[in-house]
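The chain contents come next:
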Amino acid sequence: MGENVSQLKWPDEGVTRAPYRVLADPEIYAEEQRKIFRGPTWHYLCLDAELPEAGSYRTTYIGETPVIVTRDKDGAIHGLVNRCSHKGALVCVDAGGKKNQLTCLYHAWSFNLQGDLVGVPFHKGVNGQGGMPETFEYANHGLEKLRVESYCGLVFGTFSHHVEPLEQYIGPAMTAHMRRVFHKPVEVIGYYHQTLDNNWKLYMENSRDPYHATILHAFYATFKLNRLTMDGGITIEHDGWNTMNFSIGASLKEGGEYEKAGLRNVVEDVGLAGPELLHRTQEFEDGITVAIQSIFPTCVNQQIYNTLAIRQLTPQGPNKCELHWTVFGYKDDTPELRQMRLMQANLIGPAGYVSIDDGVIGEYVQRGVGGTGVDASAVMEMGGSAVESARGSRATEATLRGFWTGYRALMGL
């Protein structure tokens, strides 16, 4: 049996440590579903562009809870738990589409796009026999409804009636970056989906971690897409919950630090048979070429060169999670720029030249911490112990410490 969350003692060093127990304990995982995923947090659901007209819907998750996002005939967006109020079956099983109403396959109970129950077959019985009792009220048996807000075309939902409005939750620096990326209408150009054999928190640490990015990812360092010797920085808001790390490719200083260090991630005398993979155009005036923004708990907004994507993580148990990538461009992309985005999409996803490493490293950690002692913990002292923004060196784990700051606050640890 797992250890009760209230009995878990966090190391005295605070967020420079994270007990390995939180990565595998089933009772802690169950508590996360209640305190984090159904707690005072906002969760990315889909892009507004994925709901182009009345009747459009998408299916997704908040934690392990299945969710439907709909657009009604008046253009309003709704978030609904994808669980029929009759027997608990999924109401929508496809990734998305268009419907005038939502009908459960099992017994054909039907709901409008706002989630209200509107139809029960044979609710008056047959020939005066059977049917629902006179006391049955349709209004009491709709789908569970979420609170939904959008920002810059990103749709978020929450089960909480107390969490602050979405824009405030994200923070001014984080919303500024969202406005930077979503400054004009977007359209989806593809999806990636993958299963990761590790705890969800390991991937959300990874997405925040600038220290690993140019050490683990040989493609980054070898082809100089991203190195710690570039100008860049980290931005931290909401007491550490929401973070971004970024680099400016044109600022690369050729000091030979990577080569001198003898790191395995710098492969000498290698080139690309198709160098057009790395052809790029500078779309943003700030010069940023790589920017990874993480919104607590499980949303990542990514720019790598000209490939843009939203990543959404869904936990599937203490040792498993699913990662969903929505790759997009701008509606007014030229054919040449759209082709560039599609080509660079080979950098990301399950088999991406960069992201393939992240698909396995979490599993290596999960396997490595198996059977550890009660007091074993990860050490996160790179860059000190502070949780604060910085410009210049990205050899820091301040963004990871920010994640654990938010986690501890919600879990009461």
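In this text, all values refer to a predicted model and were calculated from it rather than measured experimentally.

Asker: I keep staring at the overall build of the chain and nothing clicks. Help me out?
Answerer: Counting secondary structure elements, the chain contains 10 helices and 20 strands. Here the chain has a C-alpha radius of gyration of 23 Å; the compact-globule value for 413 residues is 22 Å, and the two agree. Over its C-alpha atoms, taken along the principal directions, the chain stretches across nearly 85 × 55 × 35 Å. Summed over its atoms, the accessible surface of the chain is roughly 18,100 Å², and 51% of this surface lies on carbon and sulfur atoms. Here the chain holds 37 positive side-chain charges and 48 negative ones, and the gap between their average locations is 2 Å.

Asker: Before we go on, may I ask you to explain the nonpolar core in this structure?
Answerer: One recurring pattern in soluble globular proteins: nonpolar side chains tend to sit buried together. Phe-156, Trp-200, Trp-404 and Tyr-407 are the most contacted members of the largest nonpolar core, which totals 83 residues. Other than its neighbours up to four places away in sequence, Trp-200 contacts Tyr-29, Glu-32, Ile-36, Phe-37, Pro-297, Thr-298, Leu-313, Pro-315, Cys-321, Phe-403 and Tyr-407. Among the nonpolar cores identified, the runner-up in size contains 15 residues, and Leu-80, Cys-92, Leu-117 and Leu-143 belong to it.

Asker: Can you walk me through the sheet that holds strand S13 (residues 231-237) in this structure?
Answerer: Sheets are built from strands paired through backbone hydrogen bonds, the pairs being either parallel or antiparallel. With antiparallel pairing, eight strands are arranged side by side in an open sheet as S12-S18-S17-S16-S15-S14-S13-S20. For this open sheet the edge positions go to strand S12 (186-196) and strand S20 (390-391), each flanked by a neighbour on one side alone. Here 10 bridges tie S12 to strand S18 (residues 321-330), and the two strands are oriented antiparallel to one another. Residue pairing in the sheet places Glu-187 in a bridge with Gly-329 of S18. Contacts from helix H3 (residues 172-181) reach S13, strand S14 (242-248), strand S15 (290-295), strand S16 (299-304) and S18, with the element oriented near 130° to S15.

Asker: When you look at unusual backbone geometry in this model, what are you seeing that I'm missing?
Answerer: Trans is the common state for peptide bonds, and a negative phi is the common state for residues other than glycine. Residue Pro-297 is reached from Phe-296 by a cis peptide bond, and omega for that bond is 5°. With respect to the helices and strands, the residue Pro-297 is situated in the loop between S15 and S16. Positive phi values are uncommon outside glycine, yet Phe-122 reaches one of about 55°. Topologically, Phe-122 is positioned in the loop between strand S9 (117-119) and strand S10 (147-151).

Asker: I tried to follow the packing of aromatic side chains on my own but got confused; where do I start?
Answerer: The description of an aromatic ring pair rests on the distance of the ring centres and on the angle between the ring planes. Taken as a whole and assessed by the stated rule, the structure comprises 14 aromatic pairs. Look at Phe-296 and Phe-403: their rings are 5.4 Å apart centre to centre, the planes differ by 45°, and that puts the pair in the tilted class. Pair noted here: Phe-296 is in the loop between S15 and S16 and Phe-403 is in helix H10 (residues 398-411), with a separation of 107 residues, a long-range link. Residue Phe-296 is classed as buried on the basis of its relative accessible area of 0%. The buried category is assigned to Phe-403, whose relative accessible area is 0%. An aromatic cluster of three or more residues is present, and its members are Trp-10, Phe-37, Tyr-169, Trp-200, Trp-241, Phe-296, Phe-403, Trp-404 and Tyr-407. For the cation-ring pair, Arg-38 lies above Phe-159, with the distance from its terminal atom to the ring centre recorded as 3.9 Å.

Asker: Looking at this structure, how should I read the domain arrangement of the chain?
Answerer: It is common to report an interface's size as the accessible area lost on association of the parts. Under the domain assignment used here, the chain contains domain 1 (43-150) and domain 2 (173-411). Centre-to-centre separation of domain 1 and domain 2, based on C-alpha positions: 35 Å. The partner domain 2 presents 15 residues to the 11 residues of domain 1 that form the contact. Taking both sides of the interface into account, the surface hidden between domain 1 and domain 2 amounts to around 990 Å²; carbon and sulfur atoms contribute 63%. Taken as a group, Tyr-44, Leu-47 and Glu-64 account for 48% of the area that domain 1 buries against domain 2, more than any other trio of residues on that side.

Asker: Please explain the sheet that holds strand S11 (residues 154-158) as it appears in this structure.
Answerer: Taken in spatial order, the three strands make up an open sheet running S2-S11-S10, and their pairing is antiparallel. Looking at which strands have only one partner, the edges of the open sheet turn out to be strand S2 (43-47) and S10. Averaged over neighbouring strand pairs, the angle between their axes works out to 30° when direction is ignored. With four bridges connecting them, S2 and S11 associate as antiparallel partners. What sits directly across from Cys-46, in S11, is Val-155.

Asker: How should the environment of Asp-333 be read in this particular structure?
Answerer: Mapped onto the elements of the fold, Asp-333 is located in the loop between S18 and helix H8 (335-344). For the pair Asp-333 and Glu-187, spaced 146 residues apart in sequence, the C-alpha separation works out to 9.8 Å. Contacts of Asp-333, omitting those with residues within four sequence positions, involve Arg-338 and Arg-341. A polar contact is formed between the side chain of Asp-333 and the side chain of Arg-338, at a distance of 3.1 Å.

Asker: Where do I start with the packing of helix H4 (residues 200-208) against helix H9 (residues 358-368) in this structure?
Answerer: The angle between the axes and the distance between the axes are what describe a pair of packed helices. Interaxial distance between H4 and H9 falls to 10 Å at its minimum, and their mutual angle equals 130°. In terms of their interaxial angle, H4 and H9 are classed as oblique. Two packed elements cross with a definite hand, and for H4 against H9 that hand is right-handed. Taking contact as the criterion, the partners of Leu-202, Tyr-203 and Asn-206 in H4 are, on H9, Asp-358, Ile-361, Gly-362, Val-365 and Gln-366.

Asker: Which parts of the structure should I look at to understand the pattern of salt bridges?
Answerer: When their charged atoms lie close together, side chains carrying opposite charge are able to pair. For the structure on display, the rule yields 19 salt bridges. The partner of Arg-34 in a salt bridge is Glu-31, and the shortest N-O contact between them spans 2.8 Å. You can see Arg-34 and its partner Glu-31 sitting in helix H1 (residues 26-37), three residues apart, about one turn around the helix. Between Glu-283 and Arg-341 there is a salt bridge whose closest N-O contact spans 2.8 Å. Taken together, the positions of Glu-283 in the loop between helix H7 (257-261) and S15 and Arg-341 in helix H8 put the pair 58 residues apart, joining distant regions of the chain. On the accessibility criterion, Glu-283 (27% relative accessible area) is partly exposed. A relative accessible area of 1% places Arg-341 in the buried class.

Conventions used here
- Residues numbered from 1 in each chain as written.
- Predicted model: local features only at pLDDT ≥ 70, side-chain atom pairs only at ≥ 80, totals over all residues.
- Heavy atoms only, no water.
- Helix = DSSP H or I, 4+ residues; strand = E, 2+ residues; numbered from the N terminus.
- Rg over C-alpha atoms; globule rule 2.2 N^0.38 Å.
- Areas by Shrake-Rupley, 256 points an atom, 1.4 Å probe, with all protein chains shown as cover.
- Lys, Arg positive; Asp, Glu negative; His and termini not counted.
- Charge placed at Lys NZ, Arg CZ, Asp CG, Glu CD.
- Core = buried A, V, L, I, M, F, W, Y, C linked by side-chain atoms within 4.5 Å.
- Buried < 20%, exposed > 50% of the residue type's maximum accessible area, 1.4 Å probe, protein only.
- Contact = heavy atoms within 4.5 Å.
- Pairing = 2+ DSSP bridges.
- Axes fitted to C-alpha atoms, helices over the stretch in contact; angles between N-to-C directions.
- Phe/Tyr/Trp six-rings, centres within 6.5 Å; stacked < 30°, edge-to-face > 60°.
- Lys NZ or Arg CZ within 6 Å of the ring centre and 35° of its normal.
- Domains from an automatic or database assignment.
- Buried area = accessible area lost by both parts, 1.4 Å probe.
- Polar contact = N/O pair within 3.5 Å; in protein donor to acceptor, adjacent residues only side chain to side chain.
- Parallel < 35°, antiparallel > 145°, perpendicular 65-115°, else oblique.
- Left-handed = near helix turned anticlockwise from the far one by under 90°.
- Salt bridge = Lys/Arg side-chain N within 4 Å of Asp/Glu carboxyl O.

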